Amino acid sequence: MLGAAAAIASIVWIASFAAHKRRIIKLRATDGLSPVTRALAVVAFGLWLVFGILGSDWALIVPSVVGLAVSLPIVATMRASQRGQDDLADRIEMIVAGDRVG
């Protein structure tokens, strides 16, 4: 029961990252997003992943992996220059659309 509650909480938290990801792709800007907050979230996902692996708890492992997959590109985009942000957003759009990145 506790594992299911943790998984649901993680899914809700990850949804906020997905909303930011859509905003970044649409607007090609990361204005208004805190890089410190996003970086700390990546660290938190990583720590929860380690904790889940150590305890063999799939209810922690799966959401943590998904959270890292969603949040790492956001942090990378925020660290990139504007040209880099545009290139990264283009690549993410291509991946989302199912096109090959090359």
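Before reading further, recall that the structure is shown in the block above.
Model, not experiment: these values are computed from the prediction.

Undergrad: Sorry if this is basic, but what is going on with the overall build of the protein here?
TA: Counting its regular elements, the protein contains 4 helices and 0 strands. The secondary structure elements of the protein, listed N-terminal to C-terminal, are α-α-α-α. With 102 residues in all, the protein has 31% of them scored as buried. For the protein, contacts bridging at least 24 residues in sequence account for 60% of all contacts bridging at least 6. On the protein, roughly 6600 Å² of surface is accessible, and the fraction owed to carbon and sulfur atoms is 68%.

Undergrad: How should a nonpolar patch on the surface be read in this particular structure?
TA: Among the surface-exposed residues, Trp58, Val62 and Val66 lie close enough to one another that they form a single nonpolar patch of about 320 Å² accessible area. With respect to the helices and strands, the residue Trp58 is situated in helix H3 (residues 58–79).

Undergrad: Is there a simple way to think about the packing of aromatic side chains in this case?
TA: Ring pairs (aromatic) are described by centroid distance and by the angle formed between their planes. This structure, assessed with the given rule, holds 1 aromatic pair. Between the aromatic rings of Trp48 and Phe51, the centroid separation amounts to 5.7 Å while the plane-to-plane angle is 80°, which identifies the pairing as edge-to-face. In this pair, Trp48 and Phe51 are both assigned in helix H2 (residues 35–54), 3 residues apart and thus about one turn of the helix distant. Note on Trp48: relative accessible area 44%, which makes it partly exposed.

Thresholds, definitions, all that
Residues numbered from 1 in each chain as written. Predicted model: local features only at pLDDT ≥ 70, side-chain atom pairs only at ≥ 80, totals over all residues. Heavy atoms only, no water. Helix = DSSP H or I, 4+ residues; strand = E, 2+ residues; numbered from the N terminus. Buried < 20%, exposed > 50% of the residue type's maximum accessible area, 1.4 Å probe, protein only. Contact = heavy atoms within 4.5 Å. Areas by Shrake-Rupley, 256 points an atom, 1.4 Å probe, with all protein chains shown as cover. Patch = residues over 30% accessible without salt bridge, like charges linked within 9 Å, V, L, I, M, F, W, Y side chains within 5 Å. Salt bridge = Lys/Arg side-chain N within 4 Å of Asp/Glu carboxyl O. Phe/Tyr/Trp six-rings, centres within 6.5 Å; stacked < 30°, edge-to-face > 60°.

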